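Summary of the model geometry
The primary structure of each chain is shown beneath.
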Amino acid sequence: FKMAVHVLKYSVHKSSSFSASYVPDNITVNKPTDQSSRWSSDSNNPPQYLTLKLESPTICHSITFGKYEKTHVCNLKKFKIYGGLNDENMIEILDSGLKNDHTAETFYLKHQIDNNDFPCKYIKIVPIQSWGPSFNFSIWYVELSGVDSTQAVAPCMNWYNTYREREAIRLCLKHFRQHHYIEAYEALKKKTKVSLEHEVLTDLHTELVLNSDFDACEQLIEKACDDGLFDHYISQQDYKPKWSSVEPVTKRENQNDFRPGMRGGHQMCIDTQSDIIYLYGGWDGNKDLADLWEYSISTQTWTCLCKNTQEEGGPSARSCHKMVVDYERKQIFTLGRYLDNSLRAADNLKSDFYMYDVETAKWTLITNDTGAMGGPQLIFDHQMVLDVEKHTIFVFGGRVLTSNAAEAERGSDPTFSGLYSYHIPTNTWTKLKDDCQELRSRIGHSMLFHTRSRQLYIFAGQRSKDYLNDFFTYDVDTGAINILSDGTKRDGTCVPAAGFTQRATIDPDLNEIHVLSGLSKDKDKRDNVKNSFWVYDIAKNKWSCIYKNENTGHQYWNKMQHIEPVPRFAHQLVYDYIHKVHYLFGGNPGKDSLPKMRLDDFWALQLSRPSTYHLLRRCKYLIRRHRYQEMAMTQPIQALEYLQTSLTDVVDHDDPNEIKEFQLLTSTLFKNATEEPVLETDVNLNYKSRSKLFDSLVSFFPDHMTQPQGNLIDLITLG
C-alpha cells in the first residue's frame, strides 16, 4: 500500500557548535527576510553537523532547505546527509549541494534498501563547504517530508530488523572466511542457513582461494560471462565518446557541388531502415536556403535531391522549420518557418505543410494553411515527431508568427503554440492541449517519441526570457502528463544540460535519452562555453555526464575543430539507433567577430562501453597475472615461459597502463632470483593475496550475488 507523504515534525537533537545567537533551533522556522534566523557553526573545521530527531521512526522521502532572500557566502555549497534509527549508526542518504541563490531547494533522500523502505529516527546534516572560502556554515530552514504512520512504518521496521540480523551474520561469515577460520565459517553457515553469496561465487572462491585451481577458475568466469552475469556491470559503466569527422566521398562528375554548404537553422531526419540522412533548408548567414539533400551512410556520399524545392512544387526557402520521415512509407513531412519582421504581412503568415515522396521524388502541398484546418498557425522553433505505427505526427510549442500590426496591438508578449496531432491517412488535425500551466509551451525545447512506451518526452527550452528546465512525459494514447522533474528538485532528474541549444535523441532499445549541449544562443550565457553530452537512463530516472569540455577561447577553437565539434547553436543532430551512431551537421559557432559565419562540418559520434569480451579478457589477465606471481616464487623458469605465452595472450596491447604493468612483472623474477627459493608453500602463504584477487573478480558480478561490502572489524569503535 502507498501512504501519503507529508511534512514531518522534528527537533534539533545535537549540534557540533553554533555562534552567537545563530542557534540550531532557528532552522525550524522559515524567515527568509531575517538574516539572523539561521544556524551558524562557530568554525568551518570538520566535523560540523546538525542532528535532527524525528518524533517517531519515519520513512523520510525528502528534505527542503529554505534560504535567505539574497545570496549568502555561508550557504552550503557541498553537504552530506545521513540517516538511521540511532544517532551513532547511520548510512549516507544524500550527497549534494545548494545553489547560492534565494530559492528553496528540495532533495530526494535515499530511503530504500533492496527495494524495501527503511525507517529513520535521526537525520544528520554534515556541511562540507560553504560558498564563501573560509566562511562558517549556515542553514536557514529545514523541512523534512515522508511517511510516519504506524501502518506504513511497522512492516518496514520488521523487515529492517530482519535485514540487519541477516547482514550481521553475513558479515561474520565474510570475516571468518577471509581469515581462514573455516570451521567457524562452516558451523555458522550450517546453524543459521544464511548464505554469504550466490553459489556461483562460492564455487569461484573454492577453486581460486582454497584449491588454487586457476584453470577451473577461468572456466567458471567464462560460464558466468556466457550466462550474462556481467551484463549489469557493463550497463553501469560510463560511455566513452568518440567523435570522428565525416568526409564524404566526392562524386567525380560533380566536384564542385558534392555536399551541402554552410548553414544553421536547417533540418535533418534519418531513415534508419535505409541508412539515409535527409537535410533541408537553413540560413547561410545571408539568405534562407531551399535545397534538399540525402546522405547515404553506406556509400558515404551526399546527393542533392532538389537544388530549389520551390521550383519543383515544394516549400519555399526557409529556416527554423521542422522535418520528420516515415521510414516505412518513405515520406518526408515539413512544417513551419521563420520570417523576418519585414515579411510579416498578414497575407504572408499562412502555415504551409508539405510532404515529399522519396520513391517518386515528388512534393505534395497538403495544405497552404494548417491553422485553417484546426492545426497550428505559422510557427518556428517548435518540435515535431512521428508515430510511424499509428501514422500520426505530433507538434508541440514554437512561437506563433503574427503580423506587425497584431503584435503592436497585443504588446510585446509573444504567443506560443500548443500540442497538436495530425493523422496522416485522414488528413486531420486535432488540438490536444492549449498552452497552459500544465503544459507550458516554449521554443528551442526537445521533444522525443518513445516507440515502446508511446510517451512524448519533453524538456528544456525558452519562454520569453525564462530558460526552462522542467522534464515531463505525455502519453499519446491517454493524454496523461507525468512530471519527471519540475526543475526545482536537485534529485538527479533535472535536465543538467537544459537550455536553448541542446539537441536530443532517443534510443528505444537501450531505453535512453541522449542530449548534446553546446553554445548558448543567449550572449549573456556564453561566459562558460562548452560541449557536454548527457545520457538519461529512463528506467532509473537518472542523468549522467559522458563528457564536458571547457572552452578556452581561440586556442580551443583551433585545437578542437579537428578533434570534435566546436560549441554551436542552430545545428542539427540525428541518431541511428540501430548502429548506435549520432550524426551532426552545421550550425552557428557564435563568433562575434564573424557574425555571418555558419558551419558545414559533418561529424559522427559513437558511444561505447566495455564489451563482454573485454571484461572476460580482463578477468583472465588478473587470474593469470596472479598465477604467474605465485609461480615466480617457486618455479622461476616455468614462470618466465608462462609470462611469455599464456599471460601475454590476454594482455591488452592497446592499453599503455596494462603494457607498462606487464613489463614490470619480469622484475618479480629478478627479485626472487636474489632470494632463497621457497621450497614448500603453505595454503596460508597465498591465501590473503588470492582472497584479494577474488574480491576483484567479484566486483564484476551483480550486487545481489556478492558478499557484503562492509567488514566486521570496521564496526568496532574505540573508546
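Parameters at a glance
Residues numbered from 1 in each chain as written. Predicted model: local features only at pLDDT ≥ 70, side-chain atom pairs only at ≥ 80, totals over all residues. Heavy atoms only, no water. Phe/Tyr/Trp six-rings, centres within 6.5 Å; stacked < 30°, edge-to-face > 60°. Buried < 20%, exposed > 50% of the residue type's maximum accessible area, 1.4 Å probe, protein only. Helix = DSSP H or I, 4+ residues; strand = E, 2+ residues; numbered from the N terminus. Lys NZ or Arg CZ within 6 Å of the ring centre and 35° of its normal. 1 Å grid on protein atoms, 1.4 Å probe; cavity = no way out; pocket = protein on both sides within 12 Å on 5 of 7 lines; lining within 4 Å. Points joined across faces, edges and corners; volume = space filled by probe spheres on them. Nonpolar A, V, L, I, M, F, W, Y, C, P; charged D, E, K, R; others polar. Pairing = 2+ DSSP bridges. Axes fitted to C-alpha atoms, helices over the stretch in contact; angles between N-to-C directions. pLDDT = per-residue confidence, 0-100. Contact = heavy atoms within 4.5 Å. Salt bridge = Lys/Arg side-chain N within 4 Å of Asp/Glu carboxyl O.

1. Overview of the packing of aromatic side chains
- Within this structure, the stated rule accounts for 35 aromatic pairs.
- With a centroid separation of 5.1 Å and an interplanar angle of 50°, the aromatic rings of Y295 and W302 are classed as tilted. With respect to class, Y295 is no different from W302; both count as buried.
- Ring centres 4.9 Å apart and planes at 85° place the aromatic pair Y295 and F602 in the edge-to-face group. Of this pair, Y295 sits in strand β16 (residues 288–296) while F602 sits in strand β40 (residues 599–608), placing them 307 residues apart in sequence.
- When its relative accessible area of 1% is taken as the criterion, F602 is described as buried.
- In this structure an aromatic cluster arises from ring pairing among W293, Y295, W302, Y583, F585 and F602.
- Directly above the ring of Y22 sits R38, whose terminal nitrogen or CZ lies 4.2 Å from the centroid.
- Stacked on the ring of Y49, the Lys or Arg K124 has its end atom at 4.5 Å from the ring centre.

2. Brief notes about empty space enclosed by the protein
- In this structure the tally under the stated criterion is 2 cavities of 30 Å³ or more.
- Each pocket or cavity is described by its volume, and for the largest cavity that value is around 60 Å³.
- For the largest cavity, the full set of lining residues is K174, R177, Q178, H205, S691, F694, D695 and Q707.
- Across the lining of the largest cavity, the residue classes tally to 1 nonpolar, 4 polar and 3 charged.
- Along its surface, the second largest cavity is lined by W243, L516, S517, G518, N531, P565, V566, R568, H571 and L584.

3. Structural notes on the sheet that holds strand β23 (residues 383–387)
- Strand order in the open sheet made by the 4 strands is β23-β24-β26-β27, with antiparallel pairing throughout. Looking at which strands have only one partner, the edges of the open sheet turn out to be β23 and β27 (428–433). Strand-to-strand twist across the sheet, computed as the mean angle between neighbouring axes with direction ignored, equals 20°.

4. Examining the confidence of the model for the protein
- Summarising the model, the protein shows a mean pLDDT of 89, and 90% of its residues fall at 70 or more.
- This model gives residues 678–683 a pLDDT under 50, and the stretch forms 6 contacts once residues within four places in sequence are excluded.

5. Points about the pattern of salt bridges
- Counted according to the given criterion, the structure contains 33 salt bridges.
- R625 is paired through a salt bridge with E661; the nearest N and O atoms lie 2.9 Å apart. Taken together, the residues R625 in helix α8 (residues 612–634) and E661 in helix α10 (residues 656–664) connect sequence positions 36 residues apart.
- One salt-bridge network, held together by shared partners, links D387, E389, R454 and D477.

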